[in-house]
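# Architecture and fold: a report
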Amino acid sequence: DVKVTQSSRYLVKRTGEKVFLECVQDMDHENMFWYRQDLGLGLRLIYFSYDVKMKEKGDIPEGYSVSREKKERFSLILESASTNQTSMYLCASSGRDRGTYSNQPQHFGDGTRLSIL
Amino acid sequence: AQTVTQSQPEMSVQEAETVTLSCTYDTSESNYYLFWYKQPPSRQMILVIRQEAYKQQNATENRFSVNFQKAAKSFSLKISDSQLGDTAMYFCAFINTGNQFYFGTGTSLTVIP
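Quantities reported herein were computed from a predicted structural model and do not represent experimental measurements.

### Digging into the interface of chain B and chain A
Between chain B and chain A, the residue contacts involve 21 residues of the former and 27 residues of the latter. Note on chain B versus chain A: buried area summed over both sides is about 2,000 Å², and carbon and sulfur give 49% of it. The tally of links from chain B across to chain A stands at zero salt bridges. Our enumeration of links across chain B and chain A arrives at four residue pairs in polar contact (both at pLDDT 80 or more). Within the residue set of the side of chain B that touches chain A, elements represented by two or more residues are strand S5 (33-39), strand S6 (46-52), strand S10 (88-95) and strand S11 (101-103) of chain B. Considering every element that reaches the side of chain B that touches chain A, the biggest residue donor is S5 of chain B, with four residues. A class-by-class count of the residues in the side of chain B that touches chain A yields nine nonpolar, nine polar and three charged.

Here it is, written out as structure tokens:
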């Protein structure tokens, strides 16, 4: 079974802090994703990555950055945390068929509940 | 723009009954994939069922089946013989050829004993 592991289940930080959320997958997946989940808004894509050192902006990248130095690890960075970034953050990964875009389902981590005070 | 709409924020169903969750989407692409995901109260999102747009036949997985209407851009999920463990948030999702996933806002389903 695919395992996607997020480093923290709950995290509390202060406004202005730099926050790192880590995600590791063990299935050699090419694609990795960061979402935030808010009640009534569903999942919104922040950033995704097709390959090591590759990154693409999603729908709401403002205030966030990402790092993919190794294939199995995808980090989300809040450069200067603000209270409106209090949310549930979900990491996901998926495989990619050779030579084509992926039709593979995403596999999710347990999520990190981040509170910014 | 590509969007996914789930018009039912909350639903409930009696145990052992059948329930249908609706989902519509908007895309100009002809080849894509649709998914239903389940997120139980423990929060981990898991895949329920997948449909490929070029396939006419509706996907089924045990008690879960879909009604895929490509022309209407509709992708509803039917849960038969509902069980207490089906209580969860259900998300409809769409993936395009750009490998981007789009999720609906979710339907909270409660199975009543």
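More follows now that the structure is in view.
### Regarding the environment of Thr83 of chain A
Residues and elements named next belong to chain A. Following the sequence through the fold, Thr83 ends up in the loop between strand S9 (73-78) and strand S10 (87-94). Along the sequence, Thr83 and Gly16 sit 67 residues apart, while their C-alpha atoms lie 9.3 Å from each other. When sequence neighbours within four positions are dropped, the list of residues in contact with Thr83 reads Thr15, Ile116 and Leu117.

### Description of the pattern of salt bridges
Any two side chains of opposite charge can pair, on the condition that their charged atoms come close. All names here are of chain A. Per the counting criterion, the structure on display carries ten salt bridges over all chains. Of the charged contacts in the structure, one is a salt bridge between Arg73 and Glu22, with a shortest N-O distance of 3.9 Å. A residue pair is termed long-range when its members are at least 10 positions apart, and Arg73 in strand S9 and Glu22 in the loop between strand S3 (19-21) and strand S4 (23-25) qualify at 51 residues. Residue classification places Arg73 among the partly exposed residues on the basis of a relative accessible area of 38%. Among the ionic pairs, Lys71 bridges to Glu30, the shortest N-O distance being 4.0 Å. On the criterion of sequence distance, the pair formed by Lys71 in the loop between strand S8 (64-70) and S9 and Glu30 in the loop between S4 and strand S5 (31-38) is long-range, its members being 41 residues apart.

### Let's talk about the state of the cysteines
Applying the stated criterion to the full structure yields two disulfides over all chains. With its sulfur 1.9 Å from that of its partner, Cys23 of chain A forms a disulfide with Cys91 of chain A. As the torsion about the S-S bond is roughly -80°, the Cys23 of chain A-Cys91 of chain A disulfide counts as left-handed. Note that Cys23 of chain A is positioned in strand S4 and Cys91 of chain A in strand S10, a separation of 68 residues in sequence. Cys23 of chain A sits in the buried class, given a relative accessible area of 0%. On the basis of relative accessible area, Cys91 of chain A is assigned to the buried category, the value being 0%. The disulfide partner of Cys23 of chain B is Cys92 of chain B, and the gap between their sulfur atoms is 2.0 Å. Residues Cys23 of chain B and Cys92 of chain B are joined by a disulfide whose S-S torsion is about -70°; by sign, that bridge is left-handed. With Cys23 of chain B in the loop between strand S3 (19-21) and strand S4 (24-26) and Cys92 of chain B in strand S10, this pair connects stretches of sequence that are 69 residues apart. Given the relative accessible area of 0%, Cys92 of chain B is considered buried.

Reading the values: the criteria
Residues numbered from 1 in each chain as written. Chains lettered and ligands numbered in written order. Predicted model: local features only at pLDDT ≥ 70, side-chain atom pairs only at ≥ 80, totals over all residues. Heavy atoms only, no water. Contact = heavy atoms within 4.5 Å. Buried area = accessible area lost by both parts, 1.4 Å probe. Salt bridge = Lys/Arg side-chain N within 4 Å of Asp/Glu carboxyl O. Polar contact = N/O pair within 3.5 Å; in protein donor to acceptor, adjacent residues only side chain to side chain. Helix = DSSP H or I, 4+ residues; strand = E, 2+ residues; numbered from the N terminus. Nonpolar A, V, L, I, M, F, W, Y, C, P; charged D, E, K, R; others polar. Buried < 20%, exposed > 50% of the residue type's maximum accessible area, 1.4 Å probe, protein only. Disulfide = S-S within 2.5 Å.

Any functional reading would require information beyond the geometric quantities listed.
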